[in-house]
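Overview (structure and organization)
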Amino acid sequence: MVAGIIGATGYAGAELTRLLSGHPEVKKLVLSSVSFEGGRIEDVYPGFLGIITGDLLKAEDVINSSDVVFSALPHAVGEHFAAACMEKGVHYIDLSADFRFDDDEKVYAAWYGKNYQFPELHKKSVYGLPELNRQKIKELSVKPLVVGNPGCYPTGASLGVFPAVSKALGGSPLCDLASPIIINAVSGTSGGGREPSRSFHYSECADSIAPYKVASHRHSPEIARNISKMAEKALQVIFTPHLAPMNRGILSTIYIALREEWRIKAAMFPSKEMEDKTAEIRSLYENFYKDEPFVRVLPQGLFAATNRVRHSNYCDISVHIDLNGSTLIVTTAIDNMIKGAAGQAIQNMNILLGFNEKSGLEAIPMVF
């Protein structure tokens, strides 16, 4: 099987190149880069020297010679490549935001400042969060399909909230659906891409953690859409991202108001009742994700941490109840470049093509 990557020299493209080079079903990689067309991938990333080699071709040549194409291009520039893939009968997995909103052009235009170039494509595309849409991806894969890979923040945030708003846990959700869900998330600087804005440069972000795009981050509507779909009801989400002086990783801390029947008497110190209720909720989370290969619900005493998922496709989740007895606190950790981007895209490829879903993604996290 031949896999193609358009935009192979950005951070996400380079991670795709690295991971796909070791995928047991991928026999050949073909790579494209607008910035370095005519060069070689190992010249851009010397770490690949002697291991991964390849000319950087035109995007059209990649499409013509691939069985599946990944696009790691910026937003609003790759739709015509998706159209070309559909014409050629090739699956197209897009890591930008262009296909994350299905056919909701108004939301996309409001947040990304562009209208769809090929509206009909969006009616046939699918949002590629496997834990939400795995069955839909499988069912639609009989024909060439466009998959909109999720954003990094929405991946960690959504997975942390899904069990609390789902009706699958005993017929009614844990969450008080009338209350807003509050998500504070911290990301490493690789989220800004290989050509970052000034705020992502070392001298600007070293030794500091700061919020950015407060009440105006583009991932807010994607998070709200995902959670609302799971809840089957429009929910309010308050999302605030922060930048941390680390290369990779996203840690999300999520505050969820519990339904009355899940609340316990407030205390100023941990209690046996609180411990038992937390264990009950943790068990529900474990049951919700029992068949998910890349979601790990952590045992009591462990907190989600970015260094425990580094360079892996895992999402770690820990659950806690605040001392007020009425608020569930969920923390999630992912590697923003793997489960938040390239790894999840490969997970989608595995589902599309009927491979083992874990193929090429079984690396053990680097713990230091």
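Being a predicted model, the structure only gives us computed values, none of them experimental.

**Remarks on the sheet that holds strand E5 (residues 91-94)**
- On the basis of which strands lie adjacent, the open sheet formed by seven strands has the order E3-E2-E1-E4-E5-E7-E6 and parallel pairing. Sheet topology places strand E3 (56-57) and strand E6 (126-127) at the edges, where each strand pairs with a single neighbour.
- The pairing of E5 with strand E7 (residues 146-148) spans three bridges and is classified as parallel. When the bridges of E7 are listed, Tyr 92 appears paired with Val 146.
- Sheet contacts for helix H1 (residues 11-20): strand E1 (2-6), strand E2 (28-32) and strand E4 (68-71); angle to E1, the most-contacted strand, approximately 165°.

**Here's the deal with the pairing of strand E14 (residues 327-334)**
- Across the eight residues of E14, eight count as buried, placing the element largely inside the fold.
- With eight bridges joining them, strand E11 (residues 250-257) and E14 adopt antiparallel strand pairing. The residue of E14 that forms the bridge with Ala 257 is Thr 327.
- Inspection of the sheet shows strand E13 (residues 315-321) paired to E14 by six bridges, in the antiparallel sense. The residue bridging His 320 from the neighbouring strand is Ile 329, located in E14.
- Remark: five residues form the turn of the hairpin made by E13 and E14, two consecutive strands paired antiparallel; Gly 325 in that turn has positive phi of roughly 80°.

**Notes on the pattern of salt bridges**
- The full count for this structure, using the stated rule, is 20 salt bridges.
- Here Glu 260 makes a salt bridge to Arg 263, at a shortest N to O gap of 3.7 Å.
- You can call Glu 260 exposed: its relative accessible area is 60%.
- A single salt-bridge network, built from bridges that share partners, covers Glu 15, Arg 18, Arg 248 and Asp 335.

**As for the nonpolar core**
- In this structure, Val 165, Ile 181, Ile 256, Tyr 285 and Leu 328 are the most contacted members of the largest nonpolar core, which totals 44 residues.
- For this core, the leading source of residues is helix H8 (residues 152-165), giving eight residues.
- Residues contacting Leu 328, with those up to four places away along its chain left out, are Ala 164, Ile 254, Tyr 255, Ile 256, Leu 258, Ile 281, Tyr 285, Val 319, His 320 and Ile 321.

**Here we look at the side chain of Arg 134**
- Tracing the backbone through its elements, the reader meets Arg 134 in helix H7 (residues 130-140).
- There is a polar contact of 2.6 Å between the side chain of Arg 134 and the side chain of Glu 292.
- Reaching out from Arg 134, the side chain makes a polar contact with the side chain of Glu 357 at a distance of 2.9 Å.
- Filtering out sequence-adjacent residues up to four positions away, Arg 134 remains in contact with Leu 129, Glu 292, Pro 293, Gln 347, Ile 351 and Glu 357.

**Focus on unusual backbone geometry**
- Unusually for a residue other than glycine, Asp 207 sits at a positive phi of about 60°.
- Looking at the element boundaries, Asp 207 is found in the loop between helix H9 (202-205) and strand E9 (210-211).
- Of note, the phi angle at Glu 232 is positive, near 60°, even though the residue is not glycine.
- Structurally, Glu 232 can be placed in the loop between helix H10 (219-231) and strand E10 (237-243).

**A few points about the layout of surface pockets**
- Considered as a void within the structure, the second largest pocket measures approximately 260 Å³ in volume.
- In terms of lining residues, the second largest pocket is bounded by 16 residues, among which Met 274, Glu 275, Thr 278, Gln 300 and His 320 are the most central.
- At the level of elements, helix H11 (272-288) and E13 are the ones that each hand at least two residues to the lining of the second largest pocket.
- No other element matches the five residues that H11 contributes to the lining of the second largest pocket.
- Looking at the lining of the second largest pocket residue by residue, the classes come out as eight nonpolar, five polar and three charged.

**Quick look at the packing of aromatic side chains**
- Going through the model one piece at a time under the given rule, you end up with seven aromatic pairs.
- Look at Tyr 45 and Phe 48: their rings are 5.8 Å apart centre to centre, the planes differ by 40°, and that puts the pair in the tilted class. Each member of the pair Tyr 45 and Phe 48 is classed as buried.
- An aromatic cluster of at least three residues, connected via ring pairs, comprises Phe 101, Tyr 108, Tyr 112 and Tyr 116.

Reading the values: the criteria
Residues numbered from 1 in each chain as written. Predicted model: local features only at pLDDT ≥ 70, side-chain atom pairs only at ≥ 80, totals over all residues. Heavy atoms only, no water. Pairing = 2+ DSSP bridges. Helix = DSSP H or I, 4+ residues; strand = E, 2+ residues; numbered from the N terminus. Contact = heavy atoms within 4.5 Å. Axes fitted to C-alpha atoms, helices over the stretch in contact; angles between N-to-C directions. Buried < 20%, exposed > 50% of the residue type's maximum accessible area, 1.4 Å probe, protein only. Salt bridge = Lys/Arg side-chain N within 4 Å of Asp/Glu carboxyl O. Core = buried A, V, L, I, M, F, W, Y, C linked by side-chain atoms within 4.5 Å. Polar contact = N/O pair within 3.5 Å; in protein donor to acceptor, adjacent residues only side chain to side chain. 1 Å grid on protein atoms, 1.4 Å probe; cavity = no way out; pocket = protein on both sides within 12 Å on 5 of 7 lines; lining within 4 Å. Points joined across faces, edges and corners; volume = space filled by probe spheres on them. Nonpolar A, V, L, I, M, F, W, Y, C, P; charged D, E, K, R; others polar. Phe/Tyr/Trp six-rings, centres within 6.5 Å; stacked < 30°, edge-to-face > 60°.

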